[in-house]
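# Remarks on the overall topology
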Amino acid sequence: MDTLTDNTEGCYYNRTVKFFYEASGKNISDHWRRRDYVIVTLGMSVCFIVIFSNLLVIAAILKNRRFHFPIYYLLGNLALADLFSGVSYLHLMFHTGPWTIKLSKHQWFVRQGLIDTSLTASVLNLLAVAVERHQTIFTMQLHSKMSTRRVFILMLFIWLVAIIMGLIPTMGWHCLCDLGNCSTMAPMYSRSYLVFWAVLNLLTFSVMVAVYTRIFVYVRHKSKQMSQHTTQMRHRETVFSLMMTVSMILGCFVICWTPGLVVLLLDGLGCEECKVLRYEKYCLVLAECNSFVNPIIYSFRDKDMKKTFKEILCFLCRRGSKKKGSSGVHFSTLEHENCKSRTAEPLERSNGTPLINEGSEDHPVSSEKWN
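Given the structure is predicted, the values throughout are model-derived calculations rather than measurements. (Residues numbered from 1 in each chain as written. Predicted model: local features only at pLDDT ≥ 70, side-chain atom pairs only at ≥ 80, totals over all residues. Heavy atoms only, no water.)

Moving on, we come to the state of the cysteines. Taken as a whole, this structure holds two disulfides when the rule is applied. Between the sulfur atoms of Cys-11 and its disulfide mate Cys-177 the distance is 1.9 Å. Classification of the bridge connecting Cys-11 and Cys-177 rests on its S-S torsion, roughly 110°, and on that basis the disulfide is right-handed. Here Cys-177 lies in the loop between α5 (148-167) and α6 (191-229) and Cys-11 lies in the segment before α1 (17-24), a separation of 166 residues in the sequence. Given the relative accessible area of 10%, Cys-11 is considered buried. Residue Cys-175 pairs covalently with Cys-182 via a disulfide, S to S 2.0 Å. Sign of the S-S torsion, about 100° for the bond between Cys-175 and Cys-182, identifies this disulfide as right-handed. Residues Cys-175 and Cys-182 agree in their burial class; the two are buried. This cysteine, Cys-289, is not joined by any disulfide, and Cys-256 carries the nearest cysteine sulfur, 6.1 Å off. Given a relative accessible area of 17%, Cys-289 falls into the buried group. (Disulfide = S-S within 2.5 Å. Helix = DSSP H or I, 4+ residues; strand = E, 2+ residues; numbered from the N terminus. Buried < 20%, exposed > 50% of the residue type's maximum accessible area, 1.4 Å probe, protein only.)

Here it is, written out as structure tokens:
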């Protein structure tokens, strides 16, 4: 798909990226504008936050044996998808604006395919977490009985589907042979593909809403039974935490994804009055923000995860201080002492958050019933 490729009748294989942008009405500036600087700076800042936060989540899951359960493996895969999303978006930032003109068609499809793959993987992982929580809550288990092998097969399937979704336009669902059907936001993508991708993600979102709504109704009903037949505070805290987590998941997902999906759908439907180019990049940055919101929702609400984060960060701080302190003289500070005490203190029991529950040699409750 480069400019040396011969044209066939009705196709434009030997045209440049600039030709398709101009044909679709998305002109590319050959110089940097203030708007370009703002978008690239904002995008790169989000990327670094996404990469760091998800690396921290993956490191914590690998480090702590308490997290070696199906739900944590899925959360780790979600963090990996979000990490890949951050890297893909960082790659986009170095191939956007005036740099876009210099791209070959192959490089342009790679740039867009990476974004499609990473975002699809994040959505599918969110759906997998929702289904796993539905299964465990309705069977009254703290942890899923799914084997490690099945979990990894599921994770592999998620990535396979995500990669296929990213490759579909390159494999033929483009507009190189149908110039009038080219998208405005993605000038070499077919409008029909954008409609397909947006509708598919909106359907996935609807399934997630249905799953979490059913969980919410069930937990609310269960909480009333608990209030009548038991006084155990841990059960009540678990129910309340689950309800709060469900609200946060749905709220953040709606805020981060709906604007971008709606803009894509409008572009795919050919809405010329919608001015989709005005909101395109901001919607993409907002959707990318969901990749660092996920670690906050799924991980920072768990005490064990918080403690593991502190251990990792304190370890990095100590390594940094050792490299700087070449004289061999060390000055103890209050912050350093607090860091040492956090590292030394034993791990406490989890606060009973529904997404992340105890289960290890110290807490052998992986098959324990709620009641």
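Now that the structure has been shown, the text picks up again.
It is worth spelling out the layout of surface pockets at this point. In this model, the largest pocket occupies a volume close to 790 Å³. Along the walls of the largest pocket sit 39 residues, with Lys-26, Met-185, Glu-280, Lys-281 and Leu-284 positioned nearest its centre. Going through the elements one at a time, α2 (34-63), α3 (70-93), α4 (105-138), α6, α7 (233-268) and α8 (276-298) are the ones with two or more residues in the lining of the largest pocket. Considering every element that reaches the lining of the largest pocket, the biggest residue donor is α8, with seven residues. When grouped by side-chain class, the residues that make up the lining of the largest pocket number 22 nonpolar, eight polar and nine charged. (1 Å grid on protein atoms, 1.4 Å probe; cavity = no way out; pocket = protein on both sides within 12 Å on 5 of 7 lines; lining within 4 Å. Points joined across faces, edges and corners; volume = space filled by probe spheres on them. Nonpolar A, V, L, I, M, F, W, Y, C, P; charged D, E, K, R; others polar.)

The subject of this paragraph is the pattern of salt bridges. Applying the stated rule across the entire model yields three salt bridges. A salt bridge links Lys-63 to Glu-311; the shortest N-O distance between them is 2.7 Å. Here Glu-311 lies in helix α9 (residues 303-324) and Lys-63 lies in helix α2, a separation of 248 residues in the sequence. When its relative accessible area of 48% is taken as the criterion, Lys-63 is described as partly exposed. On the accessibility criterion, Glu-311 (14% relative accessible area) is buried. (Salt bridge = Lys/Arg side-chain N within 4 Å of Asp/Glu carboxyl O.)

With that settled, the discussion passes to the confidence of the model for the chain. Taken as a whole, the chain shows an average pLDDT of 75; of its residues, 73% reach a score of 70 or greater. By mean pLDDT, the top-scoring element of the chain is α5 (91), and the lowest-scoring one is helix α10 (residues 334-344) (47). With pLDDT under 50 throughout, residues 326-338 is counted as low confidence; its partners more than four residues away or in other chains account for two contacts. Low pLDDT, under 50, characterises residues 342-371; the stretch is placed with 82 contacts to residues that sit more than four places away or in other chains. (pLDDT = per-residue confidence, 0-100. Contact = heavy atoms within 4.5 Å.)

What follows concerns the side chain of Arg-111. Mapped onto the elements of the fold, Arg-111 is located in helix α4. Buried and unpaired, Arg-111 has no salt bridge, with Glu-280 as the nearest side chain of opposite charge at 6.7 Å. There is a polar contact of 2.5 Å between the side chain of Arg-111 and the backbone oxygen of His-95. Once you skip the residues sitting within four places of it in the chain, Arg-111 turns out to touch Tyr-21, His-91, Leu-92, His-95, Thr-96, Thr-100 and Leu-103. (Lys, Arg positive; Asp, Glu negative; His and termini not counted. Polar contact = N/O pair within 3.5 Å; in protein donor to acceptor, adjacent residues only side chain to side chain.)

What follows deals with the packing of α1 against α4. Axis separation between α1 and α4 bottoms out at 9 Å; the angle between their running directions is 65°. Classified by the angle between their axes, α1 and α4 sit roughly perpendicular to one another. Listed contacts from α4 to Val-17, Phe-20 and Tyr-21 of α1 are Lys-105, Trp-108 and Arg-111. Partitioning the contact of α1 with α4 into residue classes produces four nonpolar, no polar and two charged. (Axes fitted to C-alpha atoms, helices over the stretch in contact; angles between N-to-C directions. Parallel < 35°, antiparallel > 145°, perpendicular 65-115°, else oblique.)

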